[in-house]
Amino acid sequence: MRRAILSAFTTVLILAFTAGCATAPVEPTNLSHIKAEIAEYIDSGRYMNQIRKVSAAAIAWIERRTAAEAMSTAKQSSPALTVVFDIDETLLSNLPHMRAMDFGYVPAAWDAWVARGEAPSIQPVMAVYQRARLLGLDVIFITGRRERDRAGTERNLRAVGAGDYAMIFFRPDNTTGTSERFKTATREHLASDGRSIIANIGDQESDLAGGFAERTFKLPDPFYLTK
């Protein structure tokens, strides 16, 4: 009997100790270390290599899909084949600004950066854009940037050689809805207008979620998350 009681008491102590260990607070990784990991990921070439892989897959799909459409004789009229792109960390890189800000976000500094229109293009993604245009596809940008960012954004796109897009959609300045909801609704509107979005390319899950695209292509983004 005594052994049974001691055994039960020991079990209770072990369970209590295990539960205490499971709930003990764990210090997160220091922010300086995280920034160093991101910098190493970029400087090592792994970031750009992943972008190249995604971009190559997007080009291959766009070429196959366009060829299949051209060979089809069953349709009386074809929908307008369209490729949708996000802008930030998709076609344009804000990395020079982010590094200058030590990966921090200061709204006034960000607004000034966008207004200057100095972001370089991400070349593998630019190759996707150029291939789509060469194949005669419409390119449409759906961005999380606000309408007030239009002038600087359009100037930036022209500067990198991406000024021959069909349309560009900005979020309203005073909207409180999520980027995902805005982008999904915009794609739905394009589809209802008879467009066939054969590819949707972005760096955030919120760029791609919600449907209304035949294929999605997710680029890496270790910098921030947008809902």
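That block above? That's the structure.
Values in this document were obtained by computation on a predicted structure and should not be read as measured data.

Thresholds applied
Residues numbered from 1 in each chain as written. Predicted model: local features only at pLDDT ≥ 70, side-chain atom pairs only at ≥ 80, totals over all residues. Heavy atoms only, no water. Helix = DSSP H or I, 4+ residues; strand = E, 2+ residues; numbered from the N terminus. Buried < 20%, exposed > 50% of the residue type's maximum accessible area, 1.4 Å probe, protein only. Contact = heavy atoms within 4.5 Å. Areas by Shrake-Rupley, 256 points an atom, 1.4 Å probe, with all protein chains shown as cover. Pairing = 2+ DSSP bridges. Core = buried A, V, L, I, M, F, W, Y, C linked by side-chain atoms within 4.5 Å. 1 Å grid on protein atoms, 1.4 Å probe; cavity = no way out; pocket = protein on both sides within 12 Å on 5 of 7 lines; lining within 4 Å. Points joined across faces, edges and corners; volume = space filled by probe spheres on them. Nonpolar A, V, L, I, M, F, W, Y, C, P; charged D, E, K, R; others polar.

*Asks:* What am I meant to see in the overall build of the protein chain here?
*Replies:* In terms of helices and strands, the protein chain carries 9 helices and 5 strands. Along the chain direction, N to C, the helices and strands of the protein chain fall in the order α-α-α-β-α-α-α-β-α-β-α-β-α-β. Relative to its full complement of 227 residues, the protein chain shows a buried share of 39%. Restricting to contacts in the protein chain with at least 6 residues of sequence separation, those with at least 24 account for 70%. When the accessible area of the protein chain is evaluated, it comes to approximately 12700 Å², of which 58% is carbon and sulfur surface.

*Asks:* So what exactly am I meant to see when it comes to the pairing of strand β4 (residues 195-202) here?
*Replies:* Two faces, one strand: in a regular strand the side chains alternate between the faces of the sheet. Taken across its 8 residues, β4 has 8 buried, putting it largely inside the fold. Relative to β4, strand β1 (residues 80-85) runs parallel, the two being bridged by 6 bridges. When the bridges of β4 are listed, Val 84 appears paired with Asn 200. Inspection of the sheet shows β4 paired to strand β5 (residues 216-218) by 3 bridges, in the parallel sense. Among the inter-strand pairings, Gly 202 is bridged to a residue of β5, identified as Lys 218.

*Asks:* I tried to follow unusual backbone geometry on my own but got confused; where do I start?
*Replies:* Residues other than glycine predominantly adopt negative phi, and peptide bonds predominantly adopt the trans conformation. Here the phi dihedral of Glu 89 falls at roughly 60°; this positive angle occurs in a residue that is not glycine. Along the chain, Glu 89 turns up in the loop between β1 and α4 (95-100). Overall, Glu 89 belongs to the buried group, its relative accessible area being 1%. The backbone phi angle of Phe 212 is positive, close to 65°, even though this residue is not glycine. Within the secondary structure layout, Phe 212 lies in the loop between α9 (205-208) and β5. By relative accessible area, which is 37% here, Phe 212 ends up partly exposed.

*Asks:* Honestly, the nonpolar core in this entry has me stumped. Any pointers?
*Replies:* Grouped burial of nonpolar side chains is what soluble globular proteins tend to show. Grouped together as the largest cluster of nonpolar side chains are 42 residues, with contacts concentrated most on Val 83, Phe 85, Tyr 129, Phe 141 and Leu 157. In terms of nonpolar packing, the next biggest core, distinct from the first, is built from 6 residues, Val 84, Ile 140, Ile 142 and Leu 190 among them.

*Asks:* It is not clear to me how empty space enclosed by the protein should be interpreted in this structure. Could you clarify?
*Replies:* If you roll a probe as big as a water molecule over the atoms, it shows you where there is empty space left. Scanning all chains against the criterion turns up 1 cavity of 30 Å³ or more. As for the largest cavity, its lining consists of Val 84, Phe 85, Asp 86, Ile 142, Lys 183, Arg 187, Asn 200, Ile 201 and Asp 207. Going through the elements one at a time, β1, α8 (179-192) and β4 are the ones with two or more residues in the lining of the largest cavity. In terms of residue class, the lining of the largest cavity is built from 4 nonpolar, 1 polar and 4 charged.

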